Every structure is written in structure tokens, then in C-alpha cells.
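# Architecture and fold: a report
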Amino acid sequence: IFPRLDTYRYFIDENYKFQISNLVKLGVGGFCLFGGNIEENIRLTNELQFQTDLPLLFCGDFENGIAMRLTEGTEFPHAYALGYLNSTNYTRQAAQAIAQEAKAIGAYWNLAPVADINSNPANPVIGIRSFGETPEKVSAHVKAYVEGTQAENVLACVKHFPGHGEVDIDSHLDLPIIMKTKQQLESFELLPFIAGFSSFVRSIMIGHLVVPSLDDSHTPASLSIKIISEFLRNELGYNGLVITDALDMNAIVKNYTEEQIAELAIKAGNDVLLMPENPEHIVQILAKLAKEDEEVKNRLLDSVARIISEKRWAKLIPEYHNPDLPLNLFTEHPTLALKIAFKSLEIIDIPELIPIKNISLMSVFAILQRPEDMEAASRFMKMLADAVDFDCDFSYVDKNITDEQVDKLLEQTADSDLFIFPIFFKSRAYNNSTNFPENLKNFIEIVSKGKNSIAILFGNPYLKDEISTKTKILAFSDSYSSMAAVVMKLSDRDLDWIGDE
């Protein structure tokens, strides 16, 4: 059992701290890290390692860097940007850098890469987390990412088996169904996973997906003995670590009790139960099952042996130690991230508008998908304002904008020479929609009509055909490095250092 661990809460809530220490005493295999800064996570992982004889294995969703879950660390461009750049060498370098930073905070398991093929542009949860739309491209970059990660003795994890790319439902909210034949899966969805196996990926995450062609009982893959033990283990021959997707997601908790989740997950062939809602209760359930059922007991013993083997591979055993990492670790990686981000930018339509020149006033309207996007938008606007030497007006716009507000903005920006629309829309967990509101499309069209205008897609690249600006920049990511790369492109900064691969 690998429970969720909120780093910030651990240091401010004594009751929570006691709960985490109790889970260590109960013998959990490790934790999945969320939040806190670099220093806090180093302190946390070291502190908990001293409470156990068998080293803990800490993991996290660090797909495009530890900053995906922490408040610090290098933010690399999302997988889609790497896929667009299509340099497996850069993907390997990025993955290795991410692994080094994960190892620096004590996390020796990166729950990445995403091996899903984003074959459905309306996919509400994968999107730019995928390397692309074709099995060939995704397979090549999955392989490179796995190799880069595991070169640092950090476990990689291909996810979400048997493929989450075709869905139109977010499994954080409900249970998706994949209506493809076994032959279709084998010739498409499964190819990136097979590529991961060929690079000896240490772990695989099972998605909360119903796949009738593999299990006609409609049991989710993450709880299915037919999909994990019979298909993945026996037929495909995978013998590494198998982990469930997070067990606190609605696809599971809306449909199964904790007793059912624990028993089905273990009997199906999972080695790790990730982030159950009530980990103490799951421990009790498994202990009771082990006493009553020899099959469950043997399955648990097999899983523990596999987990210990991976801890040994990661060099956590014979005893936990701090890795000997270079002091400039967190200063060199941002340069690599920026180089990758800059090289992966795509400019379409009228490229002559970039870089920006010969203007006196520019208006920037940040288009927000949700209120939380204001932080990223503000970061971009500040970088842009610092980089250019002319006046800029900045505004935030979301789907709640009224006609009166549109009229007022038009009046206020009548003298602008250029309009820029940084758009922060992407597939994301618990959102379940990638639709771009009609009133925002209309707003961009009204404001930019007859004017020089640039849209910057920091997320969903498929919106390019719905936006009516003269020029578009596709960044494929809202990472810090991608925003900085766009600012460099717009402001015509000295780029000699970018160089070749």
C-alpha cells in the first residue's frame, strides 16, 4: 500500500504527522508525494526513512518534472511538446534530469511516462500529457523516457494500461469504457507499452478502464484478474511491478466498497495499491484476508518480494542513503528545459508578426479555463512585460465575460497596435471537458478583427482551428519553460546559446 502523503500538511498538522508515522509502523511500502518545496521533501523523506528498518520507496507523478507536484523544481515542457519536437535524445535528457531531481528529494519512483496515445482530441484527461496521436511517435518517446529515467536507478512507470487515449470520460469522475477489439488494442493502444517493456521498464500502472474485449465482466482493468494476471502477466509476459491508478478516484470509489477494492486489486495481480482513501482500513482488510485465504497470503508475499527487489534495484537496500548529486543540479536543468521548450514551439499562419517590433502599445488578454490559471497567466504577463520595451495593457478573461465587459475592453484598447491572447485551456483531471466556450471564441474574433493579433496556445493544440487570430504560437505546454520560450520568441532575445541537439 502506497498512501498519499501531503508534505506541507505533514509539517503543520501533528495529528496527520502521527497518522503517517503510524502507516510506516504498519509496514506500507512507501508513499506518493504531493506538495511542499524541495527542502521540505528532503527533510520529510529522510525523517520517515529513519522510522523503518526496510527503506520506504517514495514516488510521485513527475511527468514533466517534480514541479508538477512540488512548489519548486524544473518545469519541463509537457510530453506533447517533446513529441512535436520529435527528438528522442531530448526526451531522454529531460527524463534523466527529472529523475535526478526526484532522487534529490528522496523519490526513486517516477510514475511516468504516459504511454497513452491521444487518439481522441476531445480526451478530457490525457491531452498534452501524451507524446502524440500515433503509436509510432508515442512508442519511440516512451522508450526514450524510460531509458533516461532508469539510467539514474529511478523506476519508470508506463501508464495507463491498456490505454487511456481514446476515452471521452475522465476516470477521476466516472468509469470509461473502451469499445475496441483485442486485435485493435494490440495493433494500436498496446504498442507504446510493448516499447516500454523492450526497455525493461520497472513498473506499469493499470488504468480504471472497462475493456469488454479483455474482460467481459465489465470489471475495471485495475481490478481485473483477466486483464492483469491472464493478459498482462501470462500473455504479454510482463514480470515487473504492477500498480493501480489512484484508488481514491471516482471511477472506483463510486462503484466498489473498500473491502471489494482491496480483495479484487490483490487477487487481480497488482503489487501496489496506490492512494486508497483509507489506507489504515485497507491494511486491516488485507491482514484479515491473508489469515483467511491462502491465495491472498501468497499473492501478498509475491508482491512484497517484487517491491523489495525494486528497492534493491534502486539502491535503497541494503540501507537508504543520500545520493551523491551535483550541487548545480537545479541550476543546469532549467537551461535544458528552456532549450527543449524553444525548439518545440510551432508558429502557424502569418509568422511575420513575430518577433514583435515597430509598435507602441500592445494589449494582452489572458484566456482562463479556471480561476487557478490566473497564477500561470500572471507569471507569463510579468515575463513578457519585462522583456519588451513598449507599453502593455493586461487583462484576464474567462467564460463569464459579459457583452458590457467586452464593449468596455474594446473601448479601452482601441489604440492598441497588437493584440495577444495567451490561452490556458487543456485536458485536466476532474474537469471532464476540453470544449472552448463559444463566447470566448467570439470575444477573440471581435477584439482581433482587422487587427494584428497572436494567439498562444499553452495547452490544447487542437484549439488552433477554433481561434481567429492572424498568427498562432503552439507551445503544447503551460510549463514555466514553455512560457519563457514564448517570451523569447516574441521579444527576439539572443538565441545563439540554443544551438543544435
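The structure under discussion appears in the preceding block.
Below is a summary of the structure that appears in this document. (Residues numbered from 1 in each chain as written. Predicted model: local features only at pLDDT ≥ 70, side-chain atom pairs only at ≥ 80, totals over all residues. Heavy atoms only, no water.)

## Examining empty space enclosed by the protein
So the rule is basically this: Grid points spaced at 1 Å and placed over the protein atoms alone form the basis of the search, with a cavity being a set where a 1.4 Å probe fits but cannot get out and a pocket an open set showing protein on both sides within 12 Å along at least five of seven lines. Lining residues have an atom within 4 Å of a point. Grid points are joined across faces, edges and corners, and a volume is the space filled by probe spheres set on the points. Amino acid classes used here: Ala, Val, Leu, Ile, Met, Phe, Trp, Tyr, Cys and Pro are nonpolar; Asp, Glu, Lys and Arg are charged; the rest, including Gly, are polar.
Enumeration according to the criterion identifies three cavities of 30 Å³ or more in this entry. In this structure, the largest cavity encloses a volume near 80 Å³. Every residue lining the largest cavity is counted, 15 residues in all, and those nearest its centre are Glu63, Asn64, Ala79, Leu82 and Tyr145. For the lining of the largest cavity, a count of residues per class yields eleven nonpolar, two polar and two charged. Looking at the second largest cavity, its volume works out to about 40 Å³. Around the second largest cavity sit Leu247, Val253, Glu258, Ile261, Pro276, Glu277, Asn278 and Ile282, which together line it. Residue classes in the lining of the second largest cavity are distributed as five nonpolar, one polar and two charged.

## Points about the pattern of salt bridges
The condition is simple: Salt-bridge detection follows one rule: a side-chain nitrogen of Lys or Arg within 4 Å of a carboxyl oxygen of Asp or Glu. Only DSSP runs of H or I reaching four residues or more are called helices, and only runs of E reaching two or more are called strands; each is numbered from the N terminus. Only protein chains enter the area calculation, which uses a 1.4 Å probe; residues under 20% of their type maximum are buried, those over 50% are exposed, and those in between are partly exposed.
Tallied over the full model, the rule gives 27 salt bridges. Here Glu310 makes a salt bridge to Arg202, at a shortest N to O gap of 2.9 Å. Taken together, the residues span a long stretch of sequence, with Glu310 in helix α13 (residues 294-313) and Arg202 in the loop between α8 (191-198) and β6 (203-206) at a distance of 108 residues. Just as Glu310 is buried, Arg202 falls in that class too.

## Observations concerning the sheet that holds strand β4 (residues 107-110)
Put simply, the rule is: Pairing between two strands requires that DSSP report at least two bridges joining them. In this description, a line fitted to the C-alpha atoms serves as the axis of each element, helices being fitted only across the stretch in contact, and the angle between N-to-C directions of two axes falls anywhere from 0 to 180 degrees. We call two residues contacting when some pair of their heavy atoms lies within 4.5 Å.
Across the sheet, four strands lie side by side as β1-β2-β3-β4; this open sheet has parallel pairing. This sheet does not close on itself; its edge strands, each paired only once, are β1 (4-6) and β4. Averaged over all pairs of adjacent strands, the angle between strand axes in this sheet comes to 40°, irrespective of strand direction. Inspection of the sheet shows strand β2 (residues 30-34) paired to strand β3 (residues 57-60) by three bridges, in the parallel sense. Residue pairing across strands places Phe31 opposite Phe58, the latter belonging to β3. The strands that helix α2 (residues 14-26) touches are β1 and β2; relative to β1, the one it contacts most, it runs at about 145°.

All we've got here are geometric facts, nothing functional implied.
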